[in-house]
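These are the residues of each chain, in order.
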Amino acid sequence: MADMMDKVKSIIVDKLGVDEAEVTPEASFKDDLGADSLDIVELVMELEEEFDMEISDEDAEKITSVGEVLNYIQSQQK
Amino acid sequence: MKHRVVITGMGAITSLGHDLDLFWENLINGKSGISLIEHMDTADYNTKIAASIKDFDPLDYVEKKDARKMDRFVHFAEAAAQKALKHAELKVGEQSIPERTGVIIGSGIGGLQTLEKQHEILMTKGPKRVSPFLIPMMIANMASGSVSIHTGAKGPNTTVVTACATGSNAIGESFRTIERGDADVMICGGAEATITPIGMAGFCSMRAMSTRNDEPEKASRPFDVHRDGFVMGEGAGVLILESLEHAVKRGANIIAEVIGYGMSGDAHHMTDPDPDGAARAMKNAIADAEISVSDVDYINAHGTSTPVGDLSEIKGIKSAFGEHAQHVAVSSTKSMTGHLLGGAGGIETIICALTLQHQQIAPTMNVDEQDPSCDLDVVPNQMREQGVEVALSNSFGFGGHNATIILKKYDE
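The rules we used
- Starting from 1, residues in each chain are numbered consecutively following that chain's sequence as written.
- To label them, take the chains in the order written and letter them from A, then take the ligands in the order written and number them from 1.
- Local features are withheld for residues below a pLDDT of 70 in this predicted model, meaning they are given only at 70 or higher, and side-chain atom pairs are given and counted only at 80 or more; totals for whole chains, interfaces and linings count all residues.
- Heavy atoms throughout the structure, all of them, feed into the side-chain values; hydrogens and water do not.
- Labels follow the DSSP assignment, with helices taken as runs of H or I lasting at least four residues and strands as runs of E lasting at least two, numbered in each case from the N terminus.
- Put simply, the radius of gyration uses C-alpha atoms, and a globule should come to 2.2 Å times the residue count raised to 0.38.
- Burial classes: relative accessible area under 20% of the type maximum marks a residue as buried, over 50% as exposed, and values in between as partly exposed (1.4 Å probe, protein chains only).
- Residue-level accessible areas treat just the shown protein chains as cover; the underlying method is Shrake-Rupley with a 1.4 Å probe.
- His residues and chain termini do not enter the charge count, which takes Lys and Arg as positive and Asp and Glu as negative.
- By convention, charge coordinates are those of NZ in Lys, CZ in Arg, CG in Asp, or CD in Glu.
- Any pair of residues with heavy atoms lying within 4.5 Å of one another is described as a contacting pair.
- Throughout, the accessible surface (probe 1.4 Å) given up by two parts as they are put together, summed over both, is called the buried area.
- Salt bridge, as applied in this entry: a Lys or Arg side-chain nitrogen positioned within 4 Å of an Asp or Glu carboxyl oxygen.
- For this analysis, a polar contact is any N or O atom pair within 3.5 Å, provided that within protein one partner can donate a hydrogen and the other can accept it, and provided that sequence-adjacent residues contribute only side-chain to side-chain pairs.
- The criterion for strand pairing is that DSSP finds at least two bridges linking the strands in question.
- Only the contacting stretch of a helix is used when fitting its axis, a line to C-alpha atoms as for every element, and angles between N-to-C directions run 0 to 180 degrees.
- Centres within 6.5 Å are what make two rings of Phe, Tyr or Trp a pair, Trp counting through its six-membered ring; a difference in plane orientation under 30 degrees is then read as stacked, over 60 as edge-to-face, and the rest as tilted.
- Expected helix span is given by 1.5 Å per residue-to-residue step, counting one fewer step than there are residues.
- Put simply, buried Ala, Val, Leu, Ile, Met, Phe, Trp, Tyr and Cys residues joined by side-chain atoms within 4.5 Å make one nonpolar core.

Draft legend 1. Representation of the overall build of chain A. When helices and strands are tallied, chain A shows four helices and zero strands. Relative to its length of 78 residues, chain A is compact, with a C-alpha radius of gyration of 11 Å against a globular reference of 12 Å. Counting only C-alpha atoms, chain A reaches 30 × 25 × 20 Å along its principal axes. Out of the 78 residues belonging to chain A, those deemed buried represent 45%. Surface summary for chain A: the accessible area is close to 4,500 Å², and the carbon and sulfur share equals 45%. Positive and negative side-chain charges in chain A, numbering 6 and 23 respectively, have mean positions lying 4 Å apart.

Draft legend 2. Structural view of the environment of I299 of chain B. Residue and element names in this part refer to chain B. Tracing the chain through its elements places I299 in strand 9 (residues 298-300). For I299, a relative accessible area of 0% gives the class buried. Here the alpha-carbon distance between I299 and L392, two residues 93 residues apart in the chain, equals 4.7 Å. Sequence-distant contacts of I299, that is, excluding residues within four places in its chain, are made with I317, F321, V328, A329, V330, S331, L392 and N394.

Draft legend 3. Looking closely at the interface of chain A and chain B. In this complex, chain A contributes 13 residues to the contact, which on the side of chain B involves eleven residues. Carbon and sulfur atoms make up 48% of the area that chain A and chain B hide from each other, which totals about 1,100 Å². Among the residues chain A hides against chain B, the three largest losses belong to L38, M45 and E49 of chain A. Together they make up 41% of the total. At the boundary of chain A and chain B, one finds five salt bridges. Inspection of the region where chain A meets chain B yields six residue pairs in polar contact (both at pLDDT 80 or more).

Draft legend 4. View of the sheet that holds strand 1 (residues 5-13) of chain B. All names here are of chain B. Strand order in this open sheet of ten strands is 5-4-6-7-1-8-14-13-9-10, and the pairing throughout is mixed. The open sheet has two free edges, formed respectively by strand 5 (157-158) and strand 10 (329-331), since each of these has just one partner strand. Relative to strand 6 (residues 185-192), strand 4 (residues 101-106) runs parallel, the two being bridged by six bridges. What sits directly across from T101, in strand 6, is V185. Sitting on the sheet, helix 12 (residues 307-321) is in contact with strand 9, strand 10 and strand 13 (390-397), with an inclination near 135° to strand 13.

Draft legend 5. View of the packing of aromatic side chains. Residue and element names in this part refer to chain B. For the structure shown, the criterion picks out four aromatic pairs over all chains. Taking the centre distance of 5.3 Å and the plane angle of 85° together, the rings of F203 and F230 count as edge-to-face. With F203 in helix 8 (residues 197-205) and F230 in the loop between helix 9 (216-219) and strand 7 (235-243), the pair connects residues that are 27 residues apart, well separated along the chain. The class for F203 is buried, based on a relative accessible area of 10%. A relative accessible area of 4% places F230 in the buried class. Clustering of aromatic rings is evident, with ring pairs tying together F56, Y61 and F76.

Draft legend 6. Focus on helix 14 (residues 344-358) of chain B. The terminal C-alpha atoms of helix 14 of chain B lie 21 Å apart, and with 15 residues this matches the ideal 21 Å at 1.5 Å per residue to within 8%. Of all 15 residues that make up helix 14 of chain B, 13 are buried, and the element is covered over most of its length.

Draft legend 7. Quick peek at the pattern of salt bridges. Throughout the structure, instances matching the rule amount to 28 salt bridges over all chains. Between K15 of chain A and E46 of chain A there is a salt bridge, with the nearest N and O atoms lying 3.8 Å from each other. A residue pair is termed long-range when its members are at least 10 positions apart, and K15 of chain A in helix 1 (residues 2-16) and E46 of chain A in helix 2 (residues 37-51) qualify at 31 residues. For K15 of chain A, a relative accessible area of 13% puts it in the buried group. Using a relative accessible area of 28% as the deciding quantity, one classes E46 of chain A as partly exposed. The closest approach of N and O atoms between E215 of chain B and R212 of chain B, which form a salt bridge, is 3.3 Å. Residue class for E215 of chain B comes out partly exposed when judged on its relative accessible area of 33%. What you see here is one network of salt bridges that share partners, running through E48 and E49 of chain A together with K125 and R129 of chain B.

Draft legend 8. Fine view of the nonpolar core. Residues and elements named next belong to chain B. Among the nonpolar cores identified, the biggest contains 47 residues, and I7, M10, F23, L27, L241, V258 and L407 are the most heavily contacted of them. Broken down by element, the residue count for this core peaks at eight residues, all from helix 14. Ignoring any residue separated from it by four or fewer positions in sequence, one finds L241 in contact with V5, V6, I7, I171, S174, F175, I178, D184, V185, M186, C188 and V258. Residues A67, A81, A84 and I187 belong to the second largest nonpolar core, which totals 31 residues.

Here it is in structure tokens:
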């Protein structure tokens, strides 16, 4: 879990150019981390690659915060 | 009524420096920005040299999160635009009205580096891994788009893509935009970043570039009998053009006046130039400036150092200038900067403005044995102190695009 959080965090920091401290579970990609729609597409692609899974566009649209990403990855890995 | 147009700011990112004073000092002293390519493996390339920019950090100009969504040519454009605005002491929204401030910064090729990287991802990982930023990063108009986003310039915004004539066309079209009253201020010029594996390979295959790899600083030798091709450069040159009224009203420092712009098409061949096309662009610019050929003191030649191109330009100058061709100083600063393709017109218009400002002419370097067919005053190897009232810059691009810009020392 901690390992997963670290990986997700580093992807977000890298792709969105934000400080690590800003990447909290509550943080909204759009409102808190300044991501636009293309940033989110890129982020989803990176997560797919890192965690070796496919995220459908439908699911991707529901993921709006860091916490939701963590939950989603966990649910897929069960 | 046509508005008079003046230059009030300039910014250049070049292999000879990112600061105008240093850039000029290097040009006047005949320094070369050309060296062996270090950032990519050139083992299988016939040409292993370029005028690369080595000491440049985009984060000095744009935020990290923005920088990673920009191709290198946009990094250069952003940096040069910021420098030019600073030089002009102009902040869009403070010294100019956003809706009356426009941008035309061209690129001959666009985001080649981005395209190459993403194509590799397409081939190795498949289409679903291609970056959503590929398209916005590679399109050649993004320099204009990006600079408007970061400066707040909301006026006319477009681009020009005419290969190696791009920068001059961008400046010429900006000149017209102000002249006819569509804007007060234009941020304009050209940017290029194509010293990439496929960019180098493409020009190598054309046999267009010098292979003098053992003497990089001597490789670009326009008008010399042993010239064997151009040397690729990269970077950007951006100018702030302003209507004279606007510049005077805000008390801007006026560097030079833009007095003429001429264009022509060769209607001849994809890559081979036609001297007649070059001559007509120069004649059109001279007519537009309402001067006579004998008023022109200096020509900053396109002079790329290719055997065919230099000769064609010399013939064009002779045809356009007649007897005065023997009296006008003609130098090619590409002997030092390399050829910035779409960025060339940008930095070379800046060089013309610096020529008027300093009353010095930068030399054509490496003219060890002047080609007898290029028998004009090419200011060989040594700068010259000379009064210059009017300077002309030529740019010619594949496709047969010819563009000429004429600057004059500012006089009320």
